[in-house]
Amino acid sequence: MTRTSRLAFAVAVHMVLLALFSSALLADTPAKIAVRSGSVVLKVNDYNQARSRIMSLARARKAVLHEEKSEANFSGERHGYIILELDAAQLGPMMEDVRGVGKLYSELVQTADQTSNFEKLGTQISLLEQNEDELKGFMRSPRRMRGSDILFVQYRLYESRVQAANAAQERANTARRAQRALINIALFEPEPRKSFDWGNWHAVASYRAKGSFLYVIQKTVTGFYYILYFAPFWIPALLIVFFGGRKLYRLVRQRVTAWLIRRRTANQEAV
């Protein structure tokens, strides 16, 4: 067999192995890896009742509470959000159920395609495993190596295993995220009717007055500390300006007075 024939045979074998490797990866990879999420903003008449109804719907859909937060202002208006985690297949039906809890203000559904990243991680894992096999073969070779070379190969083997484990964990996390979905449900109550509420007005006015008083006191005390701290600088400067200004004023006054006398004497001699 000539050299050209051997080269062509090697290229053909390489192409066949590459095709088999790609087909194995594709067979192991799902058709599409997508991470879905949704968000809904609702206006409700009663926050507590709306929350109880949403949690009942969540239990019916086997959703779990991921995060929750609620606040209330001085006017008594409550608002907050509830984040639920559920099966990806239940995201659409759950959003349909949530729409009936209150008045829909906004809605958003997002789908992030992670197929390319999933396949990339699979290829990375295969290459790292191949690198590990090569390093093991290098360690088992009959050639004599120095101690530093052995340590370097062992460290590279450790790095390859760590990177492969991290890639495998990230791939598994991506697959799990594709099976689950998050839905963010934001709730807010309408503004209460404008009425005379002396207790509420008193609380707001007292809070603001106290805050303003403390702010003024803080600024005043800070100003006094500035004055005392910079006293070694501004007191001598003030004394220099004061006495120097007085001396300069007297000198200028004497010069002006002498000039006026000379001018008056010259005018009298001229007459």
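Residues numbered from 1 in each chain as written. Predicted model: local features only at pLDDT ≥ 70, side-chain atom pairs only at ≥ 80, totals over all residues. Heavy atoms only, no water.

Engineer: What's the story with the packing of helix α2 (residues 47-60) against helix α3 (residues 91-99) in this structure? I'm lost.
Structural biologist: Put simply, α2 and α3 touch, their axes get as near as 10 Å, and they point 155 degrees apart. As summarised for this structure, α2 and α3 are arranged roughly antiparallel, according to the angle between their axes. The two elements α2 and α3 meet at a crossing, and its hand is right-handed. Side by side, α2 and α3 meet where Ile54, Leu57 and Ala58 of the first sit next to Met94, Asp97 and Val98 of the second. Residue composition of the contact of α2 with α3, grouped by class: 5 nonpolar, no polar and 1 charged. (Axes fitted to C-alpha atoms, helices over the stretch in contact; angles between N-to-C directions. Helix = DSSP H or I, 4+ residues; strand = E, 2+ residues; numbered from the N terminus. Parallel < 35°, antiparallel > 145°, perpendicular 65-115°, else oblique. Left-handed = near helix turned anticlockwise from the far one by under 90°. Contact = heavy atoms within 4.5 Å. Nonpolar A, V, L, I, M, F, W, Y, C, P; charged D, E, K, R; others polar.)

Engineer: It is not clear to me how the sheet that holds strand β1 (residues 34-43) should be interpreted in this structure. Could you clarify?
Structural biologist: Sheets are built from strands paired through backbone hydrogen bonds, the pairs being either parallel or antiparallel. Reading across the sheet, the 5 strands line up as β2-β3-β5-β1-β4 and stay open at both edges, with mixed pairing between neighbours. Of all strands in the sheet, those bounded by a partner on one side alone are β2 (64-72) and β4 (103-113). With direction set aside, neighbouring strand axes in the sheet form an average angle of 10 degrees. Where strand β3 (residues 78-87) lies against strand β5 (residues 180-188), 9 bridges are found, and the strand directions are antiparallel. Among the inter-strand pairings, glycine 80 is bridged to a residue of β5, identified as leucine 187. Against the sheet, α3 contacts β1, β3, β4 and β5, and its axis sits at roughly 0 degrees relative to β1. (Pairing = 2+ DSSP bridges.)

These figures capture arrangement, not role.
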